[in-house]
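# Understanding the architecture of this molecule
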Amino acid sequence: MQWEKITSFKTRHMPRAYVNSLVRFHHEFSDKERLEAAEKAGWNVFQFPSELLLGGDLLSDSGTTTLTSEQLSAMILGDEAYGTNYGYPKLIEAFEKTFDISEDTYEIYIFHQGRAAEHALFSQLAQSVPKNSVVPSNGHFDTTRANIEANNIEALDIKGRTEQTLEHFKGNMDIAALEKLLKEDGERIPLVYTTITNNTGGGQPVSLQNIKKIRALCDEYGKPFFLDACRFAENAWFIKQYEEKTLSIHDIVRNIFALCDGFTISLKKDGLSNMGGALVIKKDSMLTKTYPKLLNDIRDHQILTEGHPTYGGLTGRDIMSIVEGLKTVITEQYLSSRIGLVRAFGECMDFLNIPVLKPFGGHAVYIDVDKFFEGTNMGREDFGGISLTALLLLKGVRLCELGAFAFGKWNSKTQKEEFNGNNFVRCAVPRNKYELQDLQYVADCVKGLHEQKEKIPKAVPVYGRELTLRHFKARFELK
Ligand code: F0G
């Protein structure tokens, strides 16, 4: 088979002993088994069995965290009571401390993960908002967008800047565009959203100044302001590096959260946990004034779909791991080593002349797919990013396409693909899991394919190209 030939190269920049040790450690699976599994999965990385991977599983940084000893020991204390388990009051206290909020003034709903929190907010909000509503953001994540659109609300990206300039806050909202939208179409906007860090825009941070400007505009136009706060601590670390050098990370976090009316969060990222999510809403805000039934409706929704408010779809053990995770995640020591590792990995890719987005984001290194295939006949509609991730499975490496396929759309009328966003393959680094040499192996494998870029096949969707959230479900042939 020709794909085996393309991936039969030896990694050149890693010590042989390390690569051999990877192979020895995972000796139970052969290259042939990996190929069979990839074909069986329709070359869809989400369907590929994780135990067949050799080195880096960089599909996601979500829920893939290695728990700390503090978390593991706290988890033993968590009980599994149906009402107010041991960890619940501690979780509320951890929220109050971390985000500087109080249960008296904020409604706190816990969920099993971020998308359940998004679903709760938008499914309940949709019952009252006008028909042609629109929620602007600096960059909606795929599940956030899907949850908004599933409720017949438009999810609009006012894009973060991702072109190759070395600007520090490329995740920022375009303030002029937001102002124009509020001025011209304000009555359609039930709330303004901002994702920190901006995942679909390259894991890039948003500056405190930008957040303040969004708040000021929301005040001027009477709109609630919400954060998608999945990577709030990483975002705060960048603010400390480049904007508010004299403040502590915790002070920056407090400053950020003082500016919003509420937030959704997946605690599988900066909760340092394997499971968990939350929705937090200020009880007395523009949102609750406009939609007075909302808080109660969300509480009912939570009880109907997730569980009692004091466990919200989580085990007592999950809750305890979040309590501890929130303490660790805002320490400078943890954040510097975490983001430092991502940066070192990015520099390694850059050194090998792999086109990557710079500066590097907080949780991932993003390969620029259009640049990767420059000089070949790979067009965006050929899904080169999918082919790259597919072939890397044969090297035991898993990355994630976040570009022409994940965010593009098939127009059944014109029988054409539509996409004009960022075309990335993301290498997301799980927290507390890998060392630099694990990531160097990944970079080495990507390099091996980059050197043969004109031989990389096109990815042809044979199932699911017209479906919503198609990247999770589609199957491909490589041609
Ligand atoms: N918002 C952002 C910015 C995210 O990155 C994610 C998940 C979610 C919301 C949803 O959270 O997974 O707990 O339901 N991002 C993961 C990723 C899946 O790989 O980037 P969830």
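Residues numbered from 1 in each chain as written. Predicted model: local features only at pLDDT ≥ 70, side-chain atom pairs only at ≥ 80, totals over all residues. Heavy atoms only, no water.

## Brief notes about helix H15 (residues 332-351)
The end-to-end C-alpha distance of H15 is 27 Å, a good match for the 28 Å that 20 residues give at a rise of 1.5 Å each. Listed as buried for H15 are Tyr334, Leu335, Arg338, Ile339, Leu341, Val342, Phe345, Gly346, Cys348 and Met349. Where H15 is buried, its residues touch helix H10 (232-242), helix H11 (249-257), helix H14 (316-329), strand E8 (364-368), strand E12 (424-428) and helix H18 (436-450). Once H15 ends, the next one or two residues include asparagine 353, with phi positive near 60°. (Helix = DSSP H or I, 4+ residues; strand = E, 2+ residues; numbered from the N terminus. Expected span 1.5 Å × (residues − 1). Buried < 20%, exposed > 50% of the residue type's maximum accessible area, 1.4 Å probe, protein only. Contact = heavy atoms within 4.5 Å.)

## Quick word on the sheet that holds strand E6 (residues 262-266)
A sheet is described by the order of its strands in space; here five strands give the open sequence E1-E7-E6-E5-E4, paired in mixed fashion. The outermost strands of the open sheet, each flanked by one partner alone, are strand E1 (106-111) and strand E4 (192-195). Within this sheet the neighbouring strands show an average axis-to-axis angle of 15°, counted without direction. By the bridge criterion, six bridges tie E1 to strand E7 (residues 277-282) in an arrangement that is antiparallel. Following the sheet pairing, tyrosine 109 is matched in E7 by leucine 279. Against the sheet, helix H13 (residues 294-305) contacts E1 and E7, and its axis sits at roughly 20° relative to E1. (Pairing = 2+ DSSP bridges. Axes fitted to C-alpha atoms, helices over the stretch in contact; angles between N-to-C directions.)

## Quick look at the site of the ligand
Around the ligand sit 18 residues, and of these Arg115, Asp228, Ser266, Lys269 and Arg426 come closest. In this structure, an oxygen atom belonging to the ligand sits 2.7 Å away from a side-chain N or O atom of serine 60. Here an oxygen atom of the ligand and a side-chain polar atom of arginine 426 are 2.7 Å apart. Protein chains shield 94% of the accessible area of the ligand, which is 470 Å² for the free molecule. Only helix H6 (114-125) and helix H7 (142-149) provide two or more residues apiece to the shell around the ligand. It is H6 that provides the largest number of residues to the shell around the ligand, a total of three residues. (Near = heavy atom within 4 Å. Polar contact = N/O pair within 3.5 Å; in protein donor to acceptor, adjacent residues only side chain to side chain. Areas by Shrake-Rupley, 256 points an atom, 1.4 Å probe, with all protein chains shown as cover.)

## A closer look at the packing of aromatic side chains
Taken as a whole, this structure holds 14 aromatic pairs when the rule is applied. Between tyrosine 366 and phenylalanine 424 the ring centres are 5.2 Å apart and the planes differ by 75°, which places this aromatic pair in the edge-to-face class. With a gap of 58 residues between them, tyrosine 366 in strand E8 and phenylalanine 424 in strand E12 connect regions that are remote in the sequence. In this structure, tyrosine 366 and phenylalanine 424 share a single accessibility class: buried. Put simply, the rings of Phe95, Phe99, Phe232, Phe257 and Phe263 touch in pairs and so form one group of aromatic residues. A cation over a ring is seen here: arginine 470 above phenylalanine 405, with NZ or CZ 4.1 Å from the ring centre. (Phe/Tyr/Trp six-rings, centres within 6.5 Å; stacked < 30°, edge-to-face > 60°. Lys NZ or Arg CZ within 6 Å of the ring centre and 35° of its normal.)

## Focus: the domain arrangement of the protein
When cut into domains, the protein gives domain 1 (2-61 + 332-478) and domain 2 (78-329). With 29 residues of domain 1 in contact, the opposing surface of domain 2 contributes 31 residues. Summed over both sides, the interface between domain 1 and domain 2 buries roughly 2,500 Å², with carbon and sulfur atoms accounting for 56% of that surface. Inspection of the domain 1/domain 2 interface yields four salt bridges. Counting across the interface, domain 1 meets domain 2 through 14 residue pairs in polar contact (both at pLDDT 80 or more). Listed by contribution, the elements that provide at least two residues to the side of domain 1 that touches domain 2 are H15, E8 and E12. For the side of domain 1 that touches domain 2, the element with the highest residue contribution is H15, accounting for seven residues. Grouping the constituent residues of the side of domain 1 that touches domain 2 by class yields twelve nonpolar, seven polar and ten charged. (Domains from an automatic or database assignment. Buried area = accessible area lost by both parts, 1.4 Å probe. Salt bridge = Lys/Arg side-chain N within 4 Å of Asp/Glu carboxyl O. Nonpolar A, V, L, I, M, F, W, Y, C, P; charged D, E, K, R; others polar.)

## Overview of the pattern of salt bridges
Applying the stated rule across the entire model yields 31 salt bridges. Linking arginine 317 and glutamate 80 is a salt bridge whose minimum nitrogen-to-oxygen distance equals 3.3 Å. Taken together, the positions of arginine 317 in helix H14 and glutamate 80 in the loop between helix H4 (69-77) and helix H5 (88-99) put the pair 237 residues apart, joining distant regions of the chain. For arginine 317, a relative accessible area of 42% puts it in the partly exposed group. Where arginine 188 meets aspartate 185, a salt bridge forms, and the shortest distance between an N and an O atom there is 2.9 Å. Among the residues examined, arginine 188 registers a relative accessible area of 17% and is labelled buried. Accessibility expressed as a relative area gives 22% for aspartate 185, which makes it partly exposed. A network of salt bridges, in which partner residues are shared, links Asp61, Arg231, Glu234, Asp270, Arg338 and Arg431.

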